[in-house]
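Listed below are the residues making up each chain.
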Amino acid sequence: SRTVNFTSSDTSAVTVSPASLTFDSTNWNIPQSLTLTGVSDANNINESVTITGAGTGFNNGTLAVTTVDNSSITPVFSGAVSVTQGTTSILGIT
């Protein structure tokens, strides 16, 4: 059997579970699941992380992962607005 160990280059951004998967003569051709979890943080920055699969007897594999931050605030503008020079217009934002 061969065991693939998985690591995240930044566990404060993305974690992997399980930490390893084992393949043998009975399951080498059956996909197994690896769960990647984005970790919530206080900033509003998307992070780039590399997941590495490594083990004895084969080449390492890597996967680039980008977290999509859920703390960012994006204004939503409603309605069309035109402003005549020298005047003021009110814009709705939610």
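Whatever comes next refers back to the structure up there.
The following refers to the structure shown. All chains use their own residue numbering, which begins from 1 and follows the written sequence. With pLDDT at 70 or above as the cut-off, local features in this predicted model cover only qualifying residues; side-chain atom pairs require 80 or more to be listed or tallied, and sums for whole chains, interfaces and linings still use all residues. Side-chain descriptors were evaluated using all non-hydrogen atoms of the structure, hydrogens and water having been removed beforehand.

Some thoughts on the overall build of the protein
For clarity, the threshold we go by: Working definition: helices are DSSP H or I runs of at least four residues, strands are E runs of at least two. Numbering for both runs from the N terminus. Here's how the labels work: a residue is buried when its accessible area is under 20% of the maximum for its type, exposed when over 50%, partly exposed in between, all with a 1.4 Å probe on protein chains only. We call two residues in contact whenever any of their non-hydrogen atoms come within 4.5 Å of each other.
When helices and strands are counted, the protein shows zero helices and eight strands. Starting at the N terminus and ending at the C terminus, the protein contains elements arranged as β-β-β-β-β-β-β-β. Residue burial in the protein is summarised as follows: out of 94 residues, 16% are buried. Sequence-distant contacts, at least 24 apart, represent 38% of the contacts inside the protein between residues at least 6 apart.

Structural notes on the pairing of strand β6 (residues 61-66)
The criterion, for reference: Strand pairing is assigned whenever DSSP detects at least two bridges linking the two strands.
Inspection of the sheet shows strand β5 (residues 48-54) paired to β6 by six bridges, in the antiparallel sense. Of the residues in β6, the one forming a bridge with Thr 50 is Ala 64. Where β5 folds back onto β6 in an antiparallel hairpin, the turn is made up of six residues, including Gly 57, whose phi is positive at roughly 95 degrees.

What about the sheet that holds β6?
Stated precisely, the cut-off is as follows: Axes here mean lines fitted to C-alpha atoms, for a helix over just the part in contact, with angles spanning 0 to 180 degrees between N-to-C directions.
Reading across from one edge, β3-β1-β5-β6 is the order of the four strands in this open sheet, with antiparallel pairing throughout. The sheet terminates laterally at β3 (20-23) and β6, the two strands that pair on one side only. Strand after strand, the sheet turns through a mean of 20 degrees between neighbouring axes, direction not considered. Looking at chain direction, strand β1 (residues 2-8) and β5 are connected through four bridges and run antiparallel.

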